[in-house]
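Structural characterization, general
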Amino acid sequence: MAKLRIVDGPLSGTEFVLRNEVSVAGRHVDCAIPIPDPKVSRNHAEFIPDAEGQFSIIDLGSSNGTYVNGIQLPASVPRQLCGGDEIRIGHNTFRYFAGDARIPDLDIPGYDLEDILAEGGMGSIFRARNRETGQEAAIKILHPGYAKHEEFVGRFIQEARAAGRLAHPNIIKVYNVGKTTNGRYYFTMELVRGSTLTQKIPLLDAKEISRMFLDIADALDYAHKRGIIHRDIKPDNILIGQDGDPKLTDLGIAVLDQQDVAQTGPRVLGTPHYMSPEQASGKSIAATTDIYSLGATFFHAFAGQPLFDAADPQQIMIKHVREKPRRLRDVAAQVPVEIAAVVDRCLEKNPEKRYADAGRLRAALATAMRKSYPGLLAAGPAEEGKGRLVMLAAAGLALLIGLVVCWGLFGELALS
């Protein structure tokens, strides 16, 4: 059964069981979740169950707001809760426990599973706690139905191996990979408290999105230089922490080195809304495939809608292959011209017309951001070089003037 536990504040340690009915949290004594706090409204927020026993939260127009993972909720707009979410109401912070029966009874060395965070095509991700240190971590466990299939096990281990090779501030850190005594494969990784880019899109402006675009382009450049092609870049695979920094995750179908590309063959792997034309066609892929997917991801972020859409995933893939993409400013006029041009180039059908690598994409985007948002970024190498030349020229001129003055002064003294 789902429950709430106050983990910080005057009522720390208090727990509330969420039953299969609407529960109101507020200062009023009749509330199912009473919170005697002057910063809490009489009827502050509502917890609403769904058919599967999971809950959403709605702020009821409170005076001081309701915050989930550090983000204030718009009034009267439901927000689906996930296990481990932190909810701040007044001076108290609650942690939501999904109480999900899907949490397996597994012996993972050093960790206890506490809540399910997400489920994907290959496995489920759980919030866990280290028994010795108390530190939280995320643990991804391969679905049991796949454990007997070599291909799926190989891809699962490949994800851990790929991510474990990377150490970048905008890429999720993977700690270790293992196998339980009953044959379930898992790996542990850092836990990011926050939300996905998908969830944040309605709350971000063009400047914030541009900064995240730059950070992920930098992460992608780092991965590509180490022989790793992600192949499944999308808003759901970009996590936004409470500090606002984005992190690239889920390397589940990443390709390691050209040898692996040859072994993998022309299979269609990825997510239709963000898939490159060559990927949708089952052709061989390269780093430029990720550049297209990154462009499609941030087209969605800037425009609030995907590049192509259709009821049938197959039709979406066909559109990526055949249809001319819309220009970003045709649907998002608020995006600066220079930044929109970078996105548009990422979405060229012909890989050779895209940026040759993520490093060049990042450089082009940084230049566009300096023009669009002066002062947002420090000067790049070219600008720094120009600055040094100007400073050297000024110093040289000052030295020359000083020499002339000194020569004139001493020349007059010598003649007199």
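Residues numbered from 1 in each chain as written. Predicted model: local features only at pLDDT ≥ 70, side-chain atom pairs only at ≥ 80, totals over all residues. Heavy atoms only, no water.

**A short note on the sheet that holds strand β2 (residues 15-17)**
Our working rule: When DSSP locates at least two bridges between a pair of strands, those strands are taken to pair. The helix count covers DSSP runs of H or I at least four residues long, the strand count covers runs of E at least two residues long, and both are numbered beginning at the N terminus.
Pairing is antiparallel across the open sheet formed by six strands, whose spatial order is β2-β1-β11-β10-β7-β8. The strands lining the two open edges of the sheet, one partner per strand, are β2 and β8 (71-72). In this structure, strand β7 (residues 66-68) lies alongside strand β10 (residues 86-89), joined through three bridges in antiparallel fashion. Bridging from a neighbouring strand, Thr 66 pairs with Ile 89 of β10.

**Regarding unusual backbone geometry**
Stated precisely, the cut-off is as follows: Relative accessibility thresholds used throughout: buried, under 20% of the residue-type maximum; exposed, over 50%; partly exposed, between the two (1.4 Å probe, protein chains only).
Non-glycine residue Asn 69 carries a positive phi angle of around 50°. If you trace the backbone, Asn 69 turns up in the loop between β7 and β8. When its relative accessible area of 4% is taken as the criterion, Asn 69 is described as buried.

**So, the confidence of the model for the chain**
Here is the rule we go by: A score between 0 and 100, pLDDT records how confident the predictor is in each residue. The contact rule is simple, with two residues in contact once any of their heavy atoms fall within 4.5 Å.
On average, the chain scores 83 in pLDDT, and the residues at 70 or more come to 83%. At the level of individual helices and strands, the chain shows its lowest average pLDDT in helix α4 (residues 257-264), which scores 40, and its highest in helix α9 (residues 337-346), which scores 98. Contacts for the low-pLDDT stretch residues 257-268, under 50 throughout, to residues beyond four places or in other chains number 16 contacts. Ignoring residues within four places in sequence, the model shows residues 409-416, a span with pLDDT below 50, making zero contacts including any to other chains.

**Points about the pattern of salt bridges**
Heads up, the condition is: By salt bridge we mean one thing: a side-chain nitrogen of Lys or Arg within 4 Å of a carboxyl oxygen of Asp or Glu.
Scanning the entire structure with this criterion turns up 21 salt bridges. One salt bridge connects Glu 136 with Arg 95, and the closest N-O pair in it is separated by 3.9 Å. A residue pair is termed long-range when its members are at least 10 positions apart, and Glu 136 in strand β14 (residues 136-142) and Arg 95 in strand β11 (residues 92-97) qualify at 41 residues. Both residues of the pair, Glu 136 and Arg 95, belong to the buried class. For Asp 215, the salt bridge identified is with Arg 211, shortest N-O distance 3.4 Å. Here Arg 211 and Asp 215 lie together in helix α3 (residues 206-224), a separation of four residues that amounts to about one turn. Each member of the salt-bridge network shares a partner with another, and the members are Glu 86, Arg 95, Glu 114, Arg 127, Arg 129, Glu 136 and Arg 193.

**A few points about the packing of α3 against helix α10 (residues 358-372)**
Applicable threshold: Lines fitted to C-alpha atoms define the axes here, with helix axes fitted over just the stretch in contact, and angles between the N-to-C directions of these axes take values from 0 to 180 degrees. Oblique is the label for any angle not under 35 degrees, not over 145, and not in the 65 to 115 range, which are roughly parallel, roughly antiparallel and roughly perpendicular in turn. By convention, the crossing between two helices is left-handed when the near helix turns anticlockwise from the far helix through less than a right angle, and right-handed when the turn is clockwise. Lys, Arg, Asp and Glu make up the charged group, whereas Ala, Val, Leu, Ile, Met, Phe, Trp, Tyr, Cys and Pro make up the nonpolar group; the residues left over, Gly among them, are polar.
Axis separation between α3 and α10 bottoms out at 8 Å; the angle between their running directions is 160°. In terms of axis orientation, α3 runs roughly antiparallel to α10. Considering the relative orientation of α3 and α10, their crossing is left-handed. In this structure, α3 contributes Ser 210, Arg 211, Phe 213, Leu 214, Ala 217, Asp 218, Leu 220, Asp 221 and His 224 to the contact, and α10 contributes Ala 358, Gly 359, Leu 361, Arg 362, Leu 365, Ala 366 and Met 369. Grouping the amino acids of the contact of α3 with α10 by side-chain chemistry returns nine nonpolar, three polar and four charged.

**Let's talk about the sheet that holds strand β9 (residues 79-80)**
Read across the open sheet, the five strands follow the order β4-β3-β5-β6-β9; overall the sheet is mixed. Edge strands, defined here as strands with exactly one partner in the open sheet, are β4 (33-34) and β9. The pairing of strand β3 (residues 23-26) with strand β5 (residues 45-49) spans three bridges and is classified as antiparallel. Paired with Ala 25 across the two strands is Ala 45, which belongs to β5.

**Describing α9**
Here α9 has its buried residues at Ile 339, Ala 340, Val 342, Val 343, Asp 344 and Cys 346. In the core, the buried residues of α9 are packed alongside α3, α6 (287-303), α8 (328-331) and α10.

**Topic: the packing of aromatic side chains**
This is how it is decided: Each pair of aromatic rings taken from Phe, Tyr and Trp, with Trp reduced to its six-membered ring, is defined by centres within 6.5 Å and is described as stacked if the planes are under 30 degrees apart, edge-to-face if over 60, and tilted in the remaining cases. Our definition puts a charge over a ring when NZ of Lys or CZ of Arg is within 6 Å of the ring centre and also within 35 degrees of the ring normal.
Throughout the structure, instances matching the rule amount to two aromatic pairs. Taking 6.3 Å as the distance between ring centres and 40° as the angle between the ring planes, the aromatic pair formed by Phe 16 and Phe 94 counts as tilted. Note that Phe 16 is positioned in strand β2 and Phe 94 in strand β11, a separation of 78 residues in sequence. Just as Phe 16 is buried, Phe 94 falls in that class too. Directly above the ring of Tyr 67 sits Arg 88, whose terminal nitrogen or CZ lies 4.3 Å from the centroid. Looking at Arg 226, its charged tip hangs above the ring of Tyr 222, at a distance of 3.6 Å from the centre.

**Regarding the packing of α6 against α9**
At a closest axis distance of 8 Å, the pairing of α6 and α9 adopts a crossing angle of 135°. Between α6 and α9, the interaxial angle falls into the category oblique. For the crossing formed where α6 meets α9, the hand is left-handed. Packed against α6, whose contacting residues are Ile 291, Tyr 292, Gly 295, Phe 299 and Phe 302, the element α9 presents Ile 339, Val 343 and Cys 346 at the interface. Partitioned by chemical class, the residues of the contact of α6 with α9 number seven nonpolar, one polar and no charged.

**Some points on the environment of Gln 80**
Spelled out, the test is: Polar contact is defined as a pair of N or O atoms within 3.5 Å, subject to the rule that within protein one atom must be able to donate a hydrogen and the other to accept it, and that residues adjacent in sequence are counted only when both atoms are side-chain atoms.
By the element assignment, Gln 80 lies in strand β9. Discounting chain neighbours no more than four positions away, the residues touching Gln 80 are Asp 50, Gln 54, Phe 55, Ser 56 and Asp 85. A polar side-chain atom of Gln 80 sits 3.3 Å from the main-chain carbonyl oxygen of Phe 55. For Gln 80, the side chain forms a polar contact with the side chain of Ser 56, separated by 3.3 Å.

**Some remarks on the nonpolar core**
Here is the rule: Throughout this description, the term nonpolar core refers to a set of buried Ala, Val, Leu, Ile, Met, Phe, Trp, Tyr and Cys residues connected via side-chain atoms within 4.5 Å.
Formed by 51 residues in total, the largest nonpolar core has its most connected members in Phe 213, Leu 294, Phe 298, Phe 302, Leu 328 and Leu 361. The set of elements that each furnish at least two residues to this core consists of α3, β19 (238-241), α6, α9 and α10. It is α3 that provides the largest number of residues to this core, a total of 11 residues. With residues up to four places along the chain from it excluded, the contact list for Leu 361 reads Phe 213, Ala 217, Ile 291, Leu 294, Val 342, Cys 346 and Tyr 355. The next biggest cluster of nonpolar side chains, apart from the first, holds 21 residues, and it includes Leu 4, Phe 16, Val 40 and Phe 94.

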